[in-house]
Amino acid sequence: MAPMTSTPQPSGLDPEIAARLKRSPDGLVPAIAQQYDTGEVLMLGWMDDEALHRTLTTGRCTYWSRSRRSYWVKGDTSGHVQRVKSVALDCDADTLLVKVDQVGAACHTGDRTCFDADVLLADADSGAPGADQ
């Protein structure tokens, strides 16, 4: 696999969608996975044009692994699949919101979400230090 660059690699992604995306210098767009029916934020992954194309056409989330420098389909090895319900682009065209039906854990640690283990602030209205008064 060729290194990611700021120029998108050729893919099957609709050219009109590709033209709208604002990518990081390495050609990626952050993709937030959210449980479609509860609104629970599950994880953050990265997509290039081809990963987004695969996600839109297969109904399964495909991400680009920055560490392995390869594509991965959520759940192919763990069985914890993400079935795509909708994909939206934010107002700045630099972040994707992928609403999914998550089967099993979303986090590689086995937690339901990647945000379960390290809560920095639980309730901003509780009067805790740092909360607006």
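Residues numbered from 1 in each chain as written. Predicted model: local features only at pLDDT ≥ 70, side-chain atom pairs only at ≥ 80, totals over all residues. Heavy atoms only, no water.

Identification of the protein chain as Phosphoribosyl-AMP cyclohydrolase from Streptomyces doudnae is taken from an unreviewed UniProt entry. Looking at the Function (unreviewed entry) heading of the UniProt record, one finds this comment for the protein chain: "Catalyzes the hydrolysis of the adenine ring of phosphoribosyl-AMP." The protein chain has a UniProt comment under Subcellular location (unreviewed entry) that states "Cytoplasm". (UniProt positions renumbered as here; feature names shortened; annotations may be inferred.)

Visitor: Would you mind going over the UniProt feature "binding site: Zn(2+)" (unreviewed entry) in the protein chain with me for this structure?
Guide: When the UniProt feature table is mapped to this numbering, "binding site: Zn(2+)" (unreviewed entry) covers Cys91, Cys107 and Cys114. You can call Cys107 buried: its relative accessible area is 9%. Dropping the residues within four chain positions of it, Cys107 is found in contact with Lys74, Arg112, Thr113 and Cys114. With respect to the secondary-structure elements, Cys114 resides in the segment after β6 (96–102). Sequence-distant contacts of Cys114, defined by excluding residues within four places in its chain, comprise Leu42, Met43, Ala106 and Cys107. (Buried < 20%, exposed > 50% of the residue type's maximum accessible area, 1.4 Å probe, protein only. Contact = heavy atoms within 4.5 Å. Helix = DSSP H or I, 4+ residues; strand = E, 2+ residues; numbered from the N terminus.)

Visitor: Could you clarify how one ought to interpret the UniProt feature "binding site: Mg(2+)" (unreviewed entry) in the protein chain in this entry?
Guide: Following the UniProt record, the feature "binding site: Mg(2+)" (unreviewed entry) maps to Asp90, Asp92 and Asp94 here. Tracing the chain through its elements places Asp90 in the loop between β5 (82–89) and β6. Note that Asp94 resides in the loop between β5 and β6. When neighbours within four sequence positions are excluded, Asp94 is seen to be in contact with Lys22, Val29, Pro30 and Leu89.

Visitor: So what exactly am I meant to see when it comes to the sheet that holds strand β2 (residues 41–47) here?
Guide: Within a beta sheet, neighbouring strands are joined by backbone hydrogen bonds and run either parallel or antiparallel to one another. If you walk across this open sheet you meet the 4 strands as β2-β1-β6-β5, and the pairing is mixed. Edge strands, defined here as strands with exactly one partner in the open sheet, are β2 and β5. Averaged over all neighbouring strand pairs, the angle between strand axes comes to 25 degrees, with direction disregarded. Sheet topology places strand β1 (residues 29–35) next to β6; 5 bridges connect them, and they run parallel. The residue bridging Ala31 from the neighbouring strand is Leu96, located in β6. (Pairing = 2+ DSSP bridges. Axes fitted to C-alpha atoms, helices over the stretch in contact; angles between N-to-C directions.)

Visitor: Even after reading the chapter, I still don't get the side chain of Lys74, so can you show me in this structure?
Guide: Among the secondary structure elements, Lys74 is positioned in the loop between β4 (70–73) and β5. Buried charge Lys74 goes without a salt bridge, the closest partner of opposite sign being Asp76 at 11 Å. A polar contact of 2.5 Å, which involves the side chain of Lys74, links it to the backbone oxygen of Ala106. Not counting the four nearest positions on each side in its chain, Lys74 is found in contact with Met43, Arg60, Cys61, Tyr63, His80, Val81, Gln82, Gln102, Ala105, Ala106 and Cys107. (Lys, Arg positive; Asp, Glu negative; His and termini not counted. Salt bridge = Lys/Arg side-chain N within 4 Å of Asp/Glu carboxyl O. Polar contact = N/O pair within 3.5 Å; in protein donor to acceptor, adjacent residues only side chain to side chain.)

Visitor: Would you explain the environment of His108 in this entry?
Guide: With respect to the helices and strands, the residue His108 is situated in the segment after β6. The class for His108 is exposed, based on a relative accessible area of 76%. His108 sits 65 residues away from Met43 along the chain, and the two C-alpha atoms are 9.9 Å apart.

Visitor: Can you help me understand helix α2 (residues 49–58) in this one?
Guide: Side chains three or four residues apart in an α-helix point the same way, a direct result of the helix having 3.6 residues per turn. Residues Asp49, Glu50, Ala51, Leu52 and Thr55 constitute the buried set of α2. In this structure, the buried side of α2 is in contact with α1 (15–20), β2, β3 (62–65), β4, β5 and β6. For α2, the N-terminal cap is Asp48; the gap from its side-chain oxygen to the backbone nitrogen of Glu50 is 3.2 Å. Taken from the residues just after α2, Gly59 is the one with a positive phi, measuring 80 degrees.

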